[in-house]
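What follows is the residue order along each chain.
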Amino acid sequence: MALRPVHVNLKAVDAEAVGRFWAEALGWTAYRPGVTTYVGPAGGLVWPDPVVLGVDVVPVPEPKTAVKNRVHLDLATRSAAHQAELVARLLDHGATHAHVGQGDVPWTVLADPEGNEFCVLEPRETYRDTGPVAAVVIDSEDPRAMARFWGAATDWTAHEVTDDRAVFRSAAGAGPYLEFLRTPGGKAVPDRVHLDLLPYPGDDKDAEVSRLRALGATDLDLGQGDRPWTCLTDPEGHEFCVLGPS
């Protein structure tokens, strides 16, 4: 048994507006299948997408605090000109420059209209075939520990595991990477961005949740009540959800 990441869950006060921003950022389409705004490839809503991780923007009443998100997206670019064009276009669509202690680096750190940080990377050969999202990046105190948990929790393949970095990608070798980067400091506020996981057809969601608890996950009560998904945290406190059948 194993779970598959299916989308990035992003909280926003104005979910429609933030969804439109991310559709512009990724060159995708914003769909309104219900109360959330789902951002995925153009051509009609396909969920779960067999390759990409979509962005599901969920409306919440609370604005983002000044604390940096522990989870963010890195966007891929094809050339220096593409990187400059994308940064300029997103600034025109409501992005702002963000300062997270990055110093003099070849990538550009921005925040979406509600302050969620993300990076527009310089061209990198590693990300040439990922699509617009190069990686989902998660701050980690112990990347090796995260590699053990997430390697067992999902069916993604480990590409690199060191003291400073753990990198995963779909076993199909497609779509974005999942990267845990050693970052000092633990959780200070609830996560604004997290992963949602889904069992494969025929697998039992409750059995998967029990398996994750045995691996070190902890139940999380956000006041969600009786819902078809289960909220958990990994051993470092990163929030994630296991979805039920849609």
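What comes next is a walk through the structure.

**Points about helix H4 (residues 205-215)**
Among all positions in H4, only Lys205, Glu208, Val209, Arg211 and Leu212 are buried. One side of H4 carries all its buried residues, which in axial view fall inside an arc of 160 degrees. Every exposed residue of H4 that faces more than 90 degrees away from the buried side is listed here: Asp206 and Ala214. Packed against the buried residues of H4 are strand S1 (3-12), helix H3 (143-153), strand S13 (193-199), strand S15 (230-233) and strand S16 (239-242).

**Some words on the pattern of salt bridges**
Considering all chains together, one arrives at 17 salt bridges under this definition. When the shortest N-O distance is used, the salt bridge between Arg89 and Glu85 registers 2.8 Å. Taken together, the positions of Arg89 and Glu85, both in helix H2 (residues 80-92) and four residues apart, correspond to about one turn of that helix. Judged by its relative accessible area of 23%, Arg89 is partly exposed. The salt bridge partner of Glu160 is Arg165, with a shortest N-O separation of 3.0 Å. Residue Arg165 is classed as partly exposed on the basis of its relative accessible area, which comes to 25%. Where salt bridges share partners, they join Glu24, Glu85 and Arg89 into one cluster.

**A word on the packing of helix H1 (residues 15-26) against H2**
Two measures define how a pair of helices packs: the angle their axes make with one another and the distance between the axes. Where H1 contacts H2, the two axes come as close as 10 Å, and the packing angle between them is 165 degrees. If you check the angle between H1 and H2, you find them roughly antiparallel. The hand of the H1/H2 crossing is right-handed. Touching Phe21, Glu24 and Ala25 of H1 are Leu86, Arg89 and Leu90, all from H2. For the contact of H1 with H2, the residue count by class is four nonpolar, no polar and two charged.

**What to know about the sheet that holds strand S10 (residues 157-161)**
The eight strands are arranged S6-S7-S8-S5-S9-S12-S11-S10 in an open sheet whose pairing can be described as mixed. Looking at which strands have only one partner, the edges of the open sheet turn out to be strand S6 (96-97) and S10. Inspection of the sheet shows strand S9 (residues 133-140) paired to strand S12 (residues 177-182) by six bridges, in the parallel sense. Along S12, the bridge assignment pairs Ile138 with Phe180. Contacts from H2 reach strand S5 (71-75), S6, strand S7 (108-111) and strand S8 (117-120), with the element oriented near 20 degrees to S7.

What counts as what
Residues numbered from 1 in each chain as written. Predicted model: local features only at pLDDT ≥ 70, side-chain atom pairs only at ≥ 80, totals over all residues. Heavy atoms only, no water. Buried < 20%, exposed > 50% of the residue type's maximum accessible area, 1.4 Å probe, protein only. Helix = DSSP H or I, 4+ residues; strand = E, 2+ residues; numbered from the N terminus. Arc of directions from axis to C-beta. Contact = heavy atoms within 4.5 Å. Salt bridge = Lys/Arg side-chain N within 4 Å of Asp/Glu carboxyl O. Axes fitted to C-alpha atoms, helices over the stretch in contact; angles between N-to-C directions. Parallel < 35°, antiparallel > 145°, perpendicular 65-115°, else oblique. Left-handed = near helix turned anticlockwise from the far one by under 90°. Nonpolar A, V, L, I, M, F, W, Y, C, P; charged D, E, K, R; others polar. Pairing = 2+ DSSP bridges.

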